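Reading the structure
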Amino acid sequence: MIITVASFKGGVGKTTTAIHLAAFFQGKGKTLLIDADPNRSALGWSGRGELPFEVVDQWQAEAQSEDYEHIIIDTQARPTTEDLAALANTCDLLVLPTMPDILSLDALVLTIEYLKSIQTSQYRILITSIPPKPSRAGDEVKKLLKDADIPTFDIGIGRLAAFQKAAMQGIPVYDVKDQRSERGWQDYETVGNEILNLMRER
């Protein structure tokens, strides 16, 4: 299975999502994370600590990818429309993280319009960095997307300091000593299981 994580806007949790989906799928079979972002954020994350899966750049990927059951690709922010078409056509699912704020949603609208123009439905929106209650931003954005018949994950990812700690320490969030780290991991486990269910239905 190939899962690509992409966004027209930086800073929406793209690398965090790629890291934690790779951690989830490593529990299901041998998984490779390909860092195709010029910022090398995933490689930087792995270099600061230890991850339970291998991380390589795109130049190393071709020689190794056949040995893996699952491949997660972390792409550069703001891909061209041509790149987005290629990404959508060469993976099993395109995961599009977005934060529940107006600037992120503006960028997301552009992405969705283009995906519709190339007639692909192999994508799903993941709402990230959802502020804690009493804010209803996450629920409101999810309802907005679902009412517009835009494929959206049932659960979003909370805005937790544990993810920043995980990035700084170079580990998955479940290894972070933080009282909310387990909640962060459970969110990504739920997303991973939803992806598995999607693939079974196809």
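The shown structure was predicted, so the numbers you read here are calculated from the model rather than taken from an experiment. (Residues numbered from 1 in each chain as written. Predicted model: local features only at pLDDT ≥ 70, side-chain atom pairs only at ≥ 80, totals over all residues. Heavy atoms only, no water.)

**Comments concerning the overall build of the protein chain**
- Helices and strands together make up the secondary structure of the protein chain, namely 8 helices and 6 strands.
- For the protein chain, the α and β elements follow one another from N to C terminus as β-α-β-α-β-α-β-α-β-α-β-α-α-α.
- Relative to its length of 202 residues, the protein chain is compact, with a C-alpha radius of gyration of 16 Å against a globular reference of 17 Å.
- Overall, the C-alpha framework of the protein chain stretches about 40 × 40 × 35 Å when taken along its three principal axes.
- Here the protein chain holds 202 residues, and the buried ones make up 52% of them.
- Contacts in the protein chain between residues far apart in sequence, at least 24 positions, make up 73% of those at least 6 positions apart. (Helix = DSSP H or I, 4+ residues; strand = E, 2+ residues; numbered from the N terminus. Rg over C-alpha atoms; globule rule 2.2 N^0.38 Å. Buried < 20%, exposed > 50% of the residue type's maximum accessible area, 1.4 Å probe, protein only. Contact = heavy atoms within 4.5 Å.)

**A closer look at helix 5 (residues 102-117)**
- With 16 residues, helix 5 extends 23 Å from end C-alpha to end C-alpha; this agrees with the ideal 22 Å at 1.5 Å per step.
- Turning to helix 5, its buried residues number three or more, namely Ser104, Leu105, Ala107, Leu108, Thr111, Ile112 and Leu115. All buried residues of helix 5 fall inside an arc of 160 degrees around its axis, so they share one side. Exposed side of helix 5, more than 90 degrees from the buried face: Ile102, Leu103, Leu110, Glu113 and Ser117 are the residues found there. (Expected span 1.5 Å × (residues − 1). Arc of directions from axis to C-beta.)

**Focus: the environment of serine 7**
- Mapped onto the elements of the fold, serine 7 is located in the loop between strand 1 (2-5) and helix 1 (14-26).
- By relative accessible area, which is 8% here, serine 7 ends up buried.
- Between the C-alpha atom of serine 7 and that of threonine 75, which follows or precedes it by 68 residues, the distance is 8.1 Å.
- Excluding anything up to four places from it in sequence, serine 7 contacts Val12, Lys14, Gln76, Ala77, Arg78, Pro79 and Pro97.

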